[in-house]
Amino acid sequence: MNDDKIKDLFAAYNPQLPPDSDFMERLTHKMQAVELLKDKTAELRHRNRIAVRVAMLTGVAVGIVLAICFPYILGILENITKIAGTSVANFAADYIDIGAWTIIAVLTGTMSYTTYDLTRLATSRMSD
């Protein structure tokens, strides 16, 4: 008896299907949207690669220049600790090399990050 009711239910089910032209129109529209997204993603990926390359080159260049200037940075920090003359300055004098390399790392990182942002901004304005 239950089987008859289920068979009757499925026999009475007659869904309305949209015309083939509507289906093809929607499919074409969705395919165009997918292509647009693929193109935009490829463009963003290209811009990011350019920005990363420029930031990397900037980081290497700034790092090399600051590493060459290491003795001067070290001298400046030593003079600052001599002028201060406090116990904290005496303690800092023992770790002056670490301070100099920290300054170099922070400056290099800041310059690389700034270059990355500026390159992204420049490449986005060129493509718009």
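Everything that follows concerns the structure shown earlier in this document.
Bear in mind that the values here come from a model prediction, so they are computed numbers and not experimental data.

All right, on to helix α3 (residues 70-84) then. With 15 residues, α3 extends 21 Å between its outermost C-alpha atoms, agreeing within 8% with the 21 Å of an ideal straight helix rising 1.5 Å per residue. Of all the positions in α3, only Phe 70, Ile 73, Leu 74, Leu 77 and Thr 81 are classed as buried. In a view along the axis of α3, the buried residues occupy a sector of 100 degrees, so they form one face of it. Across α3 from its buried face, at more than 90 degrees, point the exposed residues Pro 71, Tyr 72, Ile 76, Lys 82 and Ile 83. Trailing α3 by a residue or two, Gly 85 shows a phi angle of about 65 degrees, which is positive.

With respect to the helices and strands, the residue Thr 123 is situated in helix α5 (residues 96-127). For Thr 123, a relative accessible area of 12% translates into the label buried. Excluding its chain neighbours within four sequence positions, the residues that come into contact with Thr 123 are Arg 47 and Ile 50.

A few words now on a nonpolar patch on the surface. Side chains of Met 56, Leu 57, Val 60, Ile 64 and Ile 68 sit close together on the surface and give an oily, nonpolar patch of about 500 Å² of accessible area. The topology assignment puts Leu 57 in helix α2 (residues 20-68). Relative accessible area serves as the criterion here: at 55%, Leu 57 is assigned to the exposed category.

Next up on the list: the nonpolar core. Counting residues in hydrophobic clusters, the biggest one holds nine residues: Val 62, Leu 66, Phe 70, Ile 73, Leu 74, Leu 77, Ile 96, Ala 100 and Ile 104. Going through the elements one at a time, α2, α3 and α5 are the ones with two or more residues in this core. Broken down by element, this core gets its largest block of residues, four residues, from α3. Among residues more than four places away in sequence, those in contact with Phe 70 are Asp 97, Ala 100, Trp 101 and Ile 104.

What counts and what doesn't
The residue count restarts for each chain, going from 1 along the sequence in the order it is written. Where totals are concerned, whole chains, interfaces and linings use all residues; where local detail is concerned, this predicted model gives features only for residues with pLDDT of at least 70, and gives and counts side-chain atom pairs only at 80 or more. With hydrogens and water stripped out, all remaining heavy atoms of the structure feed into the side-chain values. Put simply, DSSP H or I for four residues or longer makes a helix, DSSP E for two residues or longer makes a strand, and each gets a number counted from the N terminus. Each residue after the first adds 1.5 Å to the expected span of a helix. Each residue is placed in one exposure class: buried if its accessible area under a 1.4 Å probe, protein chains only, is under 20% of its type's maximum, exposed if it is over 50%, and partly exposed if it falls in between. This arc is taken over the directions from the axis of the helix to the C-beta atoms. Contact between two residues is taken to exist if any of their heavy atoms lie within 4.5 Å; hydrogens are not considered. By definition, no residue in a patch forms a salt bridge, and every one has over 30% relative accessible area; like charges are joined within 9 Å, nonpolar side chains (Val, Leu, Ile, Met, Phe, Trp, Tyr) within 5 Å. Surface accessibility follows the Shrake-Rupley procedure with a 1.4 Å probe radius. Residue values consider only the protein chains on display as shielding. Salt bridges are identified by distance alone: a Lys or Arg side-chain nitrogen within 4 Å of an Asp or Glu carboxyl oxygen. Nonpolar cores were defined as sets of buried Ala, Val, Leu, Ile, Met, Phe, Trp, Tyr and Cys residues, with membership established by side-chain atoms within 4.5 Å.

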